[in-house]
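# Report on the structure
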Amino acid sequence: MSGRLVSYLAAAGLLLAASTALCAQDKPASAEHLDESIRLEIQGRVDQYLGEMRGVYDASVASLPISPNSQITEGYLRMIERRLKNAESSRRSLEIRWNNYFPSQQWAVALDETLMASVESFEMMKQDATDSLEVRKQMLASLQAFLDTQTMIANLDSTYNTLGKRAFELSLSPKTAPLLEKEKQKEQLIFSAVQEKFDAAKQAEEYRLVSRARMETLEDAYAALKNKSDAIQEMTYKPLIQRIKDYLLGLAAVAVLLMFLSMLRARIKAIKDAREAMKKYKDALKLNGSDEYPTI
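So, how was this worked out
Residues numbered from 1 in each chain as written. Predicted model: local features only at pLDDT ≥ 70, side-chain atom pairs only at ≥ 80, totals over all residues. Heavy atoms only, no water. Helix = DSSP H or I, 4+ residues; strand = E, 2+ residues; numbered from the N terminus. Buried < 20%, exposed > 50% of the residue type's maximum accessible area, 1.4 Å probe, protein only. Areas by Shrake-Rupley, 256 points an atom, 1.4 Å probe, with all protein chains shown as cover. Salt bridge = Lys/Arg side-chain N within 4 Å of Asp/Glu carboxyl O. Expected span 1.5 Å × (residues − 1). Contact = heavy atoms within 4.5 Å. Core = buried A, V, L, I, M, F, W, Y, C linked by side-chain atoms within 4.5 Å. Phe/Tyr/Trp six-rings, centres within 6.5 Å; stacked < 30°, edge-to-face > 60°. Axes fitted to C-alpha atoms, helices over the stretch in contact; angles between N-to-C directions. Parallel < 35°, antiparallel > 145°, perpendicular 65-115°, else oblique. Left-handed = near helix turned anticlockwise from the far one by under 90°. Nonpolar A, V, L, I, M, F, W, Y, C, P; charged D, E, K, R; others polar.

### Looking at the overall build of the chain
Scanning the chain for helices and strands turns up 9 helices and 0 strands. Per-residue burial over the chain gives 29% buried out of 296 residues. Accessible surface, the chain as shown: approximately 19100 Å² in total, 58% of it carbon and sulfur.

See below:
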């Protein structure tokens, strides 16, 4: 159920309760029509609340002042955060004042359709402002995560170089296997924090707060760190002979790949040369006044 519908039902429920309470109190028939002076007084107060809520609503639904291609700083994000907090504070303050005023006027509002419509407008606008502020807080959080991920990955470059070197040294002996596992666990904790930030940062593109190009740059940095993480987690003790075999197999695989690429280039060149030779042959036939090809 949408927030707008919930707000509408809540307002309708309050008015219905007021109407029921009015009937239960056995008010005289003359009370079914609200005195004009009372109606005008209540309408004036409700209009005042509506005017203030419109200001809160406008501040709540306004787009964040962010360009997808612009570089964002911590100071700029703090400025946006203060703006959202001010809007949230204004909304809460107005809601408290409204909740203190409206219950005492429910019975009168229930007698006038115009007042009921005004109350409904206030409740729905309040709900829309609440929902919009929540979305914008999520947008700001995703942008903060994007900035944090950039900084975190950049700062971890030297850390991962040290971890990788340490893990490799510990993998050279079976006696240091427990220490190797500790290093791998330490790395796992570090990368899990990066992963959490990166997952949150991806929402910044979904909200169109960062461009695809900027997100690709972050993804490339994340992938490079992920490769280092995988390499550390895969490290384990191997006898020297096995390491040499693995190394030679790696060299052999590279050699086979290079040989295949060389053969592929030679094949492509042969096909290209054959096409050029055929084209020259056709051109020579045309110069001799014959377009017919010899047949067997």
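### With respect to the pattern of salt bridges
By the definition in use, this model includes 18 salt bridges. The residue Glu-205 makes a salt bridge to Arg-212 at a minimum N-O spacing of 2.5 Å. Classification of Glu-205 by relative accessible area gives partly exposed; the value is 26%. Put simply, Arg-212 and Glu-219 hold a salt bridge, and the shortest N to O gap is 2.9 Å.

### Considering helix α7 (residues 177-206)
Helix length check: α7 (30 residues) gives 43 Å between terminal C-alpha atoms against 44 Å at 1.5 Å per residue, within 8%. Listed in full, the buried residues belonging to α7 are Leu-180, Glu-183, Lys-184, Glu-187, Phe-191, Val-194, Phe-198, Ala-201 and Ala-204. Its buried side turned inward, α7 meets α5 (113-155), α6 (157-170) and α8 (212-234).

### Some points on the nonpolar core
If you look at the biggest cluster of nonpolar residues, it comprises 34 residues, and the most contacted ones within it are Ile-66, Leu-143, Phe-146, Leu-218 and Leu-225. Secondary structure elements with two or more residues in this core: α3 (74-101), α5, α6, α7 and α8. With 8 residues, α5 is the largest single contributor of residues to this core. Leaving out residues up to four positions away in the same chain, Ile-66 has contacts with Ile-72, Tyr-76, Ile-80, Leu-143 and Leu-209.

### Structural notes on unusual backbone geometry
Excluding glycine, residues mostly carry a negative phi; peptide bonds, for their part, are mostly trans. The phi dihedral of Arg-208 falls on the positive side, at around 60°, and the residue is not glycine. Relative accessible area serves as the criterion here: at 70%, Arg-208 is assigned to the exposed category.

### As for the packing of aromatic side chains
Throughout the structure, instances matching the rule amount to 7 aromatic pairs. Judged by centre distance (5.3 Å) and plane angle (80°), the rings of Tyr-49 and Trp-98 are edge-to-face. With Tyr-49 in helix α2 (residues 36-61) and Trp-98 in helix α3, this residue pair connects regions lying 49 residues apart in the sequence. Exposure class is identical for Tyr-49 and Trp-98. Each is buried. Between the aromatic rings of Tyr-49 and Phe-122, the centroid separation amounts to 6.3 Å while the plane-to-plane angle is 80°, which identifies the pairing as edge-to-face.

### Topic: the packing of α2 against α3
Between α2 and α3, the shortest axis-to-axis distance is 9 Å and the interhelical angle comes to 160°. With respect to each other, α2 and α3 are oriented roughly antiparallel. For the crossing formed where α2 meets α3, the hand is left-handed. Seen from α2, the contacting residues are Ile-42, Arg-45, Val-46, Gln-48, Tyr-49, Glu-52, Met-53, Val-56, Ala-59 and Ser-60; seen from α3, they are Ala-87, Ser-90, Arg-91, Leu-94, Arg-97, Trp-98 and Tyr-101. Of the residues in the contact of α2 with α3, the class split is 10 nonpolar, 3 polar and 4 charged.

### What to know about the environment of Phe-168
Within the secondary structure, Phe-168 is located in helix α6. Along the backbone, Phe-168 and Ile-232 are 64 residues apart, and their C-alpha atoms lie at a distance of 7.9 Å.

### A look at the packing of α5 against α8
Relative to each other, α5 and α8 sit at 40°, their axes nearing to 10 Å. Of the possible angle classes, the one that applies to α5 and α8 is oblique. Relative to α8, α5 is oriented so that their crossing is left-handed. In this structure, α5 contributes Phe-146, Thr-149, Gln-150 and Ile-153 to the contact, and α8 contributes Arg-214, Met-215, Leu-218, Ala-221, Tyr-222 and Leu-225. The class makeup of the residues in the contact of α5 with α8 is 7 nonpolar, 2 polar and 1 charged.

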